[in-house]
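If you want the building blocks of each chain, they are given just below.
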Amino acid sequence: MLKLNGVSVKYGSYTAIQKVNIEVNEGEIVVLLGSNGAGKSTTFRTISGLNKPFEGEIHFEKTSIKGRSPDRIVQSGIVQCAEGRKLFSEMTVHENLRMGAYVHRRKKDEIKQSLATVYDLFPILKDKRNNSAGSLSGGQQQMLAIGRALMSKPRLMLLDEPSVGLAPLIVEQMFDVIQQINKDGTTILLAEQNANAALRIATKGYVFENGSIVLEGTSDELFANDEVRKAYIGA
Ligand code: ATP
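This section reports on the structure supplied with the text. (Residues numbered from 1 in each chain as written. Predicted model: local features only at pLDDT ≥ 70, side-chain atom pairs only at ≥ 80, totals over all residues. Heavy atoms only, no water.)

**With respect to the site of the ligand**
Taken together, 13 residues surround the ligand, and among them G37, G39, K40, S41 and T42 come closest. N36 places a side-chain nitrogen or oxygen 3.1 Å from an oxygen atom of the ligand. For the ligand, an oxygen atom lies 2.9 Å from a polar atom in the backbone of K40. In isolation the ligand has 630 Å² of accessible area, and contact with the protein removes 62% of it. Going through the elements one at a time, β2 (14-24) and α1 (40-47) are the ones with two or more residues in the shell around the ligand. With 3 residues, α1 is the largest single contributor of residues to the shell around the ligand. (Near = heavy atom within 4 Å. Polar contact = N/O pair within 3.5 Å; in protein donor to acceptor, adjacent residues only side chain to side chain. Areas by Shrake-Rupley, 256 points an atom, 1.4 Å probe, with all protein chains shown as cover. Helix = DSSP H or I, 4+ residues; strand = E, 2+ residues; numbered from the N terminus.)

**Quick notes on the sheet that holds strand β3 (residues 29-33)**
Sheet strands pair via backbone hydrogen bonds, and the direction of the pair is either parallel or antiparallel. Strand order in the open sheet made by the 6 strands is β6-β7-β8-β3-β9-β10, with mixed pairing throughout. Looking at which strands have only one partner, the edges of the open sheet turn out to be β6 (78-81) and β10 (212-218). Here the average twist between neighbouring strands, direction ignored, is 15°. Here β3 pairs with strand β8 (residues 187-192) via 5 bridges, running parallel. Residue pairing for β8: L33 is matched across the bridge by E192. Contacts between helix α6 (residues 138-150) and the sheet are confined to β6 and β7 (156-160), with β6 contributing the most and set at about 165° to the helix. (Pairing = 2+ DSSP bridges. Axes fitted to C-alpha atoms, helices over the stretch in contact; angles between N-to-C directions. Contact = heavy atoms within 4.5 Å.)

**Some remarks on helix α7 (residues 168-183)**
Here α7 spans 23 Å end to end across 16 residues, near enough to the 22 Å set by a 1.5 Å rise per residue. Listed as buried for α7 are V171, M174, F175, V177, I178, I181 and N182. An end-on view of α7 places all buried positions within 160° of arc, on one side of the element. Away from its buried face, by an angle of more than 90 degrees, α7 presents the exposed residues L169, E172 and K183. Of the surrounding secondary structure, the elements contacted by the buried residues of α7 are β3, α4 (108-121), α6, β7, β8 and α8 (195-201). Backbone geometry just downstream of α7 places G185 in the positive-phi region, at approximately 120°. (Expected span 1.5 Å × (residues − 1). Buried < 20%, exposed > 50% of the residue type's maximum accessible area, 1.4 Å probe, protein only. Arc of directions from axis to C-beta.)

Here is the structure:
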């Protein structure tokens, strides 16, 4: 479904990611592991069209998307749910969700249906539909960010650190929801520092270090890997 082939990106003269190869098949949950600054966000920004690679290729459903504008990439079926949430905090929950359907210029009926799907998935958002996004708790804001991303009916969702800053119980709920979204038909590429939780739901993963992928394997392989355990699981 998504294929990055030898993708490298620079910020000025600094190479942030180097010759990155990633393959995501339809229906999978794939996780990118790595510490702060290892290159996960840059990889996401590059897939989303916000950064331009100076070498390499990016294909989505066998078509090159390298050089496409971010809004056209959303229209192609890829949506990024950003770290830090980037919600419209003065707007209500409902208005934020409607904004998620905007780039796609979707029909009224389709928007209604997506809203129903999001409210089914996150009942708390339905209860708080008229509250401002800024008044929500951290976990609820993260749910709203995911809900807003779902409003564009993506085929591939990029989730950057959905568990960051959340209490353990909320993290658990978050990963359950991600799994549910995947079961409902959305392929997922996930960046996480919480390797333990992420590898439990992922099919496979890639480990980033200093802008390069140093290890890849199935979730079971990564889970059993001593270096991964030492660096990201702590057991
Ligand atoms: P994090 O979880 O902190 O976002 P990450 O693995 O996603 O980490 P990136 O944000 O992709 O890492 O950063 C990769 C490298 O590129 C880091 O060394 C970072 O300092 C650098 N970098 C990121 N954004 C910029 C920028 N706009 N200008 C210059 N350097 C940047």
